[in-house]
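# Observations on the three-dimensional arrangement
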Amino acid sequence: MADNETLECITEHERILQEIESTDTACVGPTLRSIYDDQPNAHKRFMEKLDARIRNHDREIEKMCNFHHQGFVDAITELLKVRTDAEKLMNQVTDTNRRLQDAGREVTSQTEEVIRCRIQQRNMATTVEKLQLCIPVLEMYSKLKEQLESKRHYAALKTMEQLEKVYIPRVSQYRFCQIMAENLPRLRDEIKDISMSDLKDFLESIRKHSDKVGETAMRQAQQHRTFNSAVAKQASMGHYTKPVYCINGRTHTEIGMMMDDDTGDEDEADDEILAAQDLVDFSPVYRCLHIYTVLGDRETFENYYRKQRKKQARLVLQPQANMHETVEGYRRYFNQIVGFFVVEDHILHATKGLVTRAFTDELWNMALSKIIAVLRTHSSYCEDPDLVLELKNLIVIFADTLQGYGFSVNRLIDLLFEVRDQYNETLLKKWALVFREIFEVDNYSPIPVETEEEYKLVVSRFPFHDAEIEKQDFPKKLPMSQSVPQIYMQVKEFIYASLKFSESLHRSSTEIDDMLRKSTNLLLTRTLTSCLQNLIKKPHIGLTELVQIIINTTHLEQACRYLEEFISNITNISPETIHTTRLYGLSTFKDARHAAEGEIYTKLNQKIDEFIQLADYEWNMVESDGRASGYLMDLINFLRSTFQVFTHLPGKVAQTACMSACKHLSTSLMQMLLDPDLKQISMGAIQQFNLDVIQCELFASSEPVPGFQGDTLQLAFIDLRQLLDLFMVWDWSTYLADYGQPTCKYLRVNPAMALALLEKVYRGMKDSSKKNNIFSQFRKNDRDKQKLIETVVKQLRSLVNGMSS
């Protein structure tokens, strides 16, 4: 084992020695370390081995030296021989070098000068080269400053972009370029601020001048409408004309003439052709848009612009408090709105995406809702139909203008129907005043015509035709009063006024005809009827006036068919059309006549009451005067004269009034006779009362109004007659025996009425007896009569009690 280990150790030492001999000196350390890492005392054996290897090499070196020693000696000998020659050569070289140095010293100085010049030339060339690189940068920066000073901000941004991407990178090592590069963001911010300031100034300016833009656009729309109307008229006559141009100026055909008579000279005409947006300088918007687009901040600009325009839209849509007072207030309001949306429409088409159709539609819908609400509110304050009509014309032009710019105006057209209703309301109020004034100044008497010319004048104003009156000689009278032709003419004027609203609304003749008929019906059924009702109720309107009013309404009712023809002629719609609305003249004037007739009955009864209040009966008189009371004769004379006037009334109005008057007179006389405050009545008073009733019956039988059959009018006094006959004849036995029988002679005498009057007569007889102090000495007839009265009173009370039970 020991021999094997010694053999391995020797082999390892050989390997290490070979590595030491063949390996670089720097790498010997790890090899030597392996010696110490092996078995103990291994390094001693290695050292021994190393010493043996050294000695071995020394012997080899010595052998080689011995082998080459003679050659070395020979070389040294030859070298010593050359030494002398080398010294000679050295001297010669040194001498030559000295002479060369002396000769080249001047050349050296000249060479140094040349070198210095060459260095300067090289530096100058380098400087020129660098300057050539820097000069464009400086020139561009100078150009940038000039552009900023001249406010050419978009060009300045382009210059900045060239500086950053092309010029500054070439000379970025220089400090001034670094300063420039650091300064460019600040300049961009300044440009953004300046452009935004210009935009704000633009927005403020357009806010102030939008009314001028809108005024121009609406004037062009109006001229466009006028031109189209003229074209339509010429086309209907077979003439040719050039096509019109669009008012928004985007697609138009030049026209060679203006349709207005007040267009002015050629320069003004040229100005009129300019589109409304040409009045506005949009360059601040374009510049700001381009600047923010270049700076990559377009979205911020778009959001700001839209936000500001929304705020301005809300301001534009705010009306003045007194806008409804004048048409100028509405015109300014519409001008501002049109100007606003003309600008937005131009921005929409002139820029790419700054505003979108959806944004403008949103603004328009918001504005439209506000406009409609404002117009509804302010138009409701308008009392002047002319102002409402002008408002309608403005709305039409306003709608046409914005429709020409692509905005939907259907809701505005619908609003016009609401304004039409308001217009009709103002017309009705105006015509109510006209009707009242006509009724106030009317004399309520037939129209006198002295000559044929006067007759034709009346007939030309009112469609009156009566063969009998036409046959009469002049002078003659027409049955109606002056108010009838005036009312008829005013109704036609109302139709004309109502028709004005339909102009320019692009409505069919059928719709216009229907609108005119409905508004005319409102005038007749509401306004005229109300005026007639108020007129009839006025205290100063007497019976004669009421009679004339009834006659007037009859003629106005007959004239309604002429009004229908008048409307049909205007609208070219046949009255036989299925859906044509009829005029309600028949019911309107019939109601007015009924009201007048009722007022006649009321006033006639009031007049009768006034006469009856003058009655002054002496209820305790012993005997009658033998003639009727004076108040009653005056009343009968009044009735006779009044009923003579009633003969002009149509139909059975006079008969009804006469019957009503007789019934009211009979009732009033009965109430007077049975008045609870009247405690006693003498037979003489009953006789006097009977004379008055006889006069009433004579009046009824004299046929004060023709048309009554038999004794129809006398029957109004039948209750009084039977009651008075019962007392005058003193036929109580017959009354009590026949009471309840259909053929009773005193069928109309109520037991309660008979009892009340009999008690008054009884008290009168007793009072008369007390005054004469002969009650105890009554004649036998009086005593019998007293007993009869007491008996009859008992029987009458039993009848009354039986009726009540």
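Heads up: these notes are all about the structure in this document. (Residues numbered from 1 in each chain as written. Predicted model: local features only at pLDDT ≥ 70, side-chain atom pairs only at ≥ 80, totals over all residues. Heavy atoms only, no water.)

The next thing to look at is the overall build of the protein. Scanning the protein from N- to C-terminus turns up 25 helices and 2 strands. Among the 805 residues that make up the protein, the fraction classed as buried is 40%. (Helix = DSSP H or I, 4+ residues; strand = E, 2+ residues; numbered from the N terminus. Buried < 20%, exposed > 50% of the residue type's maximum accessible area, 1.4 Å probe, protein only.)

A few words now on a nonpolar patch on the surface. Together, Phe 72, Val 73, Ile 76, Leu 79, Leu 80 and Val 82 make up an exposed nonpolar region whose accessible area comes to about 550 Å². Counting through the fold element by element, Leu 80 comes out in helix H3 (residues 42-149). What makes Leu 80 exposed here is its relative accessible area of 54%. (Patch = residues over 30% accessible without salt bridge, like charges linked within 9 Å, V, L, I, M, F, W, Y side chains within 5 Å. Areas by Shrake-Rupley, 256 points an atom, 1.4 Å probe, with all protein chains shown as cover. Salt bridge = Lys/Arg side-chain N within 4 Å of Asp/Glu carboxyl O.)

Attention shifts here to the side chain of Ser 568. Its place among the elements puts Ser 568 in helix H17 (residues 543-571). Exposure remark for Ser 568: the relative accessible area of 7% places this residue in the buried category. A distance of 2.8 Å separates the side chain of Ser 568 from the side chain of Arg 517, its partner in a polar contact. (Polar contact = N/O pair within 3.5 Å; in protein donor to acceptor, adjacent residues only side chain to side chain.)

Now for unusual backbone geometry. Backbone phi values are negative for most residues with the exception of glycine, while trans is the configuration of most peptide bonds. The omega torsion of the bond from Phe 474 to Pro 475 falls at -5°, within 30 degrees of zero and hence cis. Turning to its location among the elements, Pro 475 is positioned in the loop between helix H14 (467-471) and strand S2 (476-478). A positive phi angle is found at Tyr 444, which is not glycine, with a value near 50°.

Where like charges cluster on the molecular surface, the negative patch consists of Glu 450, Glu 452, Glu 453 and Glu 454. Its location among the elements puts Glu 450 in the loop between strand S1 (447-449) and helix H13 (452-461). The class for Glu 450 is partly exposed, based on a relative accessible area of 45%. (Lys, Arg positive; Asp, Glu negative; His and termini not counted. Charge placed at Lys NZ, Arg CZ, Asp CG, Glu CD.)

Here we come to the packing of helix H20 (residues 653-673) against helix H21 (residues 683-701). Packed helices, taken two at a time, are described by the angle their axes make and the gap between the axes. Where H20 meets H21, the axes come as close as 11 Å, and the angle between the chain directions of the two elements is 175°. By the angle between their directions, the pair H20 and H21 is classed as roughly antiparallel. Between H20 and H21, the residues in contact are Cys 662, Leu 665, Leu 669, Met 672 and Leu 673 and Phe 689, Val 693, Cys 696 and Phe 699, respectively. Looking at the contact of H20 with H21 residue by residue, the classes come out as 9 nonpolar, no polar and no charged. (Axes fitted to C-alpha atoms, helices over the stretch in contact; angles between N-to-C directions. Parallel < 35°, antiparallel > 145°, perpendicular 65-115°, else oblique. Contact = heavy atoms within 4.5 Å. Nonpolar A, V, L, I, M, F, W, Y, C, P; charged D, E, K, R; others polar.)

A separate point is the environment of Gln 606. Along the chain, Gln 606 turns up in helix H18 (residues 585-613). Considered as a pair, Gln 606 and His 664 are 58 residues apart in the sequence and their alpha carbons are 9.6 Å apart.

On inspection of all chains with the given rule, the structure shows 28 aromatic pairs. With a centroid separation of 5.5 Å and an interplanar angle of 50°, the aromatic rings of Trp 364 and Phe 407 are classed as tilted. Residue Trp 364 is found in helix H10 (residues 357-379), and its partner Phe 407 is found in the loop between helix H11 (385-404) and helix H12 (410-441); the two are separated by 43 residues along the sequence. A relative accessible area of 2% means that Trp 364 is categorised as buried. Ring centres of Tyr 617 and Phe 689 lie 5.4 Å apart, and the angle between their planes is 50°; on these two criteria the pair is classed as tilted. With Tyr 617 in the loop between H18 and helix H19 (630-646) and Phe 689 in helix H21, the pair connects residues that are 72 residues apart, well separated along the chain. Looking at Tyr 617, the relative accessible area reads 11%, which means it is buried. On the basis of relative accessible area, Phe 689 is assigned to the buried category, the value being 0%. (Phe/Tyr/Trp six-rings, centres within 6.5 Å; stacked < 30°, edge-to-face > 60°.)

Counting across every chain of the model gives 26 salt bridges. Across the salt bridge formed by Glu 328 and Arg 331, the nearest N and O atoms sit 2.6 Å from each other. Of this pair, Glu 328 and Arg 331 both sit in helix H9 (residues 327-350), separated by 3 residues, roughly a single helical turn. Its relative accessible area of 30% is what places Arg 331 among the partly exposed residues. With a shortest N-O distance of 3.1 Å, Lys 518 and Asp 514 are connected by a salt bridge. Residue Lys 518 and its partner Asp 514 are both found in helix H16 (residues 509-537); the two are separated by 4 residues, about one turn of the helix. With a relative accessible area of 48%, Lys 518 lands in the partly exposed category. Salt bridges sharing common partners tie together Asp 95, Arg 98, Arg 99, Asp 102 and Arg 105.

As a packed pair, helix H4 (residues 153-170) and helix H7 (residues 283-294) sit with axes 9 Å apart at the nearest point and diverge in direction by 20°. It follows from the interaxial angle that H4 and H7 lie roughly parallel. When the axes of H4 and H7 are compared, the crossing they make is left-handed. For the pair H4 and H7, contact is made by His 153, Tyr 154 and Leu 157 and by His 290, Ile 291 and Val 294, respectively. (Left-handed = near helix turned anticlockwise from the far one by under 90°.)

Once that is clear, we can look at the state of the cysteines. In the structure shown here, the tally under the stated rule is 0 disulfides. Looking at Cys 662, it has no disulfide partner, and the nearest cysteine sulfur is the one in Cys 658, 4.4 Å off. (Disulfide = S-S within 2.5 Å.)

Relative to the helices and strands, Thr 554 resides in helix H17. Sequence separation of Thr 554 and Met 480 is 74 residues, and the distance between their C-alpha atoms is 9.0 Å.

A few words on H10. Over its 23 residues, H10 runs 31 Å from end to end, which matches the ideal 33 Å to within 8%, given 1.5 Å per residue. All buried positions along H10 are accounted for by Phe 359, Thr 360, Leu 363, Trp 364, Ala 367, Leu 368, Ile 371, Ile 372, Val 374, Leu 375, His 378 and Ser 379. Buried positions along H10 lie against helix H8 (298-316), H9, H11 and H12. (Expected span 1.5 Å × (residues − 1).)

Let us now look at the side chain of Gln 147. Of note, Gln 147 is situated in helix H3. Residue classification places Gln 147 among the buried residues on the basis of a relative accessible area of 3%. At 2.7 Å, the side chain of Gln 147 forms a polar contact with the side chain of Thr 159. Gln 147 has contacts with Arg 152, Ala 155, Ala 156 and Thr 159, leaving out every residue within four places of it along the chain.

In short, geometric facts, not functional conclusions.
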